[in-house]
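# Survey of secondary and tertiary structure
The chain contents come next:
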Amino acid sequence: MRTTFGINRMLGFLLPFVLILELFSVVSARAGDLETMKNLSPVKVADFIHSIVEADRKIYTTHIVKRMQEQGIVLAREDWENKNAIPLPAQFLHISSKMVAESGHGIRFRLISRWPIYRRNGPATEFERKALEELERIPDVPQRGIVTTGKKQLFQAIYADKAINSTCITCHNAHPLSPKRDFKTGDLMGGIVVTIPLED
């Protein structure tokens with residue numbers, strides 16, 4: 001099932017995502033230009049970032065993980081680093097987030113949930129907790145606000161993260177640490193948090 005051919009195909013699929021991250025890094029660097037900053041609000045920047053993150057997430061989940069598992073090429077596993085496997089969709093997003101964070105622009109994104117498998121993926125602030133509750137009521141309206149950490153002000157936007165196919169549902173419903181085991185396609189699973197530093 002897990003062949004070198006399968007891993008090579010997976011890497012071929014991942015190449016466009018690496019290129020997108022490189023493009024994102026270039027765009028972020030240009031955002032330092034004051035004229036560009038004047039024309040881009042934090043809301044627009046967060047929406048742009050979320051569009052890229054969500055597109056990558058859907059493509060990876062549907063066209064890589066689901067397809068490769070159905071064809072018996074390679075499995076997505078939580079312990080993928082120690083096995084001949086590929087990361088779970090949530091881990092793929094986390095790896096992408098780390099790469100963006102390492103670019104040094106202060107931009108962060110991550111998954112949170114009211115029903116996290118691991119506590120670290122729960123809401124970290126009251127704003128995040130309330131945002132998840134609002135997304136349950138109105139999932140199509142992102143929750144936005146300014147939060148303060150120490151002396152820094154950060155803009156946060158939180159977007160609905162839905163169960164887009166059986167890959168997400170099966171993993172969460174079957175995981176021994178999952179506090180919720182009845183997810184269905186289209187259900188709200190949590191939120192994607194985009195955090196942008198606000199500078200003077």
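Preceding this paragraph is the structure being described.
Computed from a prediction, not measured in an experiment: that's the story for all the values here. (Residues numbered from 1 in each chain as written. Predicted model: local features only at pLDDT ≥ 70, side-chain atom pairs only at ≥ 80, totals over all residues. Heavy atoms only, no water.)

Each helix and strand in the chain was counted, giving six helices and four strands. Walking the chain from its N terminus toward its C terminus, one meets helices and strands in the order α-α-α-α-β-α-β-β-α-β. Across the 200 residues in the chain, those meeting the buried criterion constitute 38%. Contacts spanning at least 24 positions in sequence make up 63% of the contacts within the chain whose residues lie at least 6 apart. Here the chain displays about 11700 Å² of accessible surface, and carbon together with sulfur accounts for 56% of that area. (Helix = DSSP H or I, 4+ residues; strand = E, 2+ residues; numbered from the N terminus. Buried < 20%, exposed > 50% of the residue type's maximum accessible area, 1.4 Å probe, protein only. Contact = heavy atoms within 4.5 Å. Areas by Shrake-Rupley, 256 points an atom, 1.4 Å probe, with all protein chains shown as cover.)

Below, the discussion takes up the layout of surface pockets. Estimates place the volume of the largest pocket at around 820 Å³. Lining the largest pocket are 33 residues, and of these A90, Q91, H94, L111 and N121 lie nearest its centre. Those elements that place two or more of their residues in the lining of the largest pocket are helix 4 (89-101), strand 1 (108-112), helix 6 (166-174) and strand 4 (188-198). Broken down by element, the lining of the largest pocket gets its largest block of residues, eight residues, from helix 4. In terms of residue class, the lining of the largest pocket is built from 16 nonpolar, ten polar and seven charged. (1 Å grid on protein atoms, 1.4 Å probe; cavity = no way out; pocket = protein on both sides within 12 Å on 5 of 7 lines; lining within 4 Å. Points joined across faces, edges and corners; volume = space filled by probe spheres on them. Nonpolar A, V, L, I, M, F, W, Y, C, P; charged D, E, K, R; others polar.)

Bringing the side chain of T61 into the picture now. Among the structural elements, T61 can be located in helix 3 (residues 42-70). Of the residues examined, T61 reaches a relative accessible area of 1% and is grouped as buried. Within the structure, T61 has its side chain in polar contact with the backbone oxygen of R57 (distance 2.8 Å). Excluding anything up to four places from it in sequence, T61 contacts K66, P89, I164, N165, T167 and C168. (Polar contact = N/O pair within 3.5 Å; in protein donor to acceptor, adjacent residues only side chain to side chain.)

Applying the stated criterion across every chain yields a total of two aromatic pairs. Ring geometry for Y60 and F92: centres 4.1 Å apart, planes at 10°, overall stacked. Here Y60, found in helix 3, pairs with F92, found in helix 4; they are 32 residues apart in sequence, far enough to count as distant. A single burial state applies to Y60 and to F92, both of which are buried. Relative to F183, the ring of W115 has its centre 5.9 Å away and its plane inclined at 75°; by these criteria the two rings are edge-to-face. One end of the pair, W115, is in the loop between strand 1 and helix 5 (126-137); the other, F183, is in the loop between helix 6 and strand 4, with 68 residues separating them in the sequence. Above the ring of F183, the side-chain terminus of K180 is found at 5.2 Å from the ring centroid. (Phe/Tyr/Trp six-rings, centres within 6.5 Å; stacked < 30°, edge-to-face > 60°. Lys NZ or Arg CZ within 6 Å of the ring centre and 35° of its normal.)

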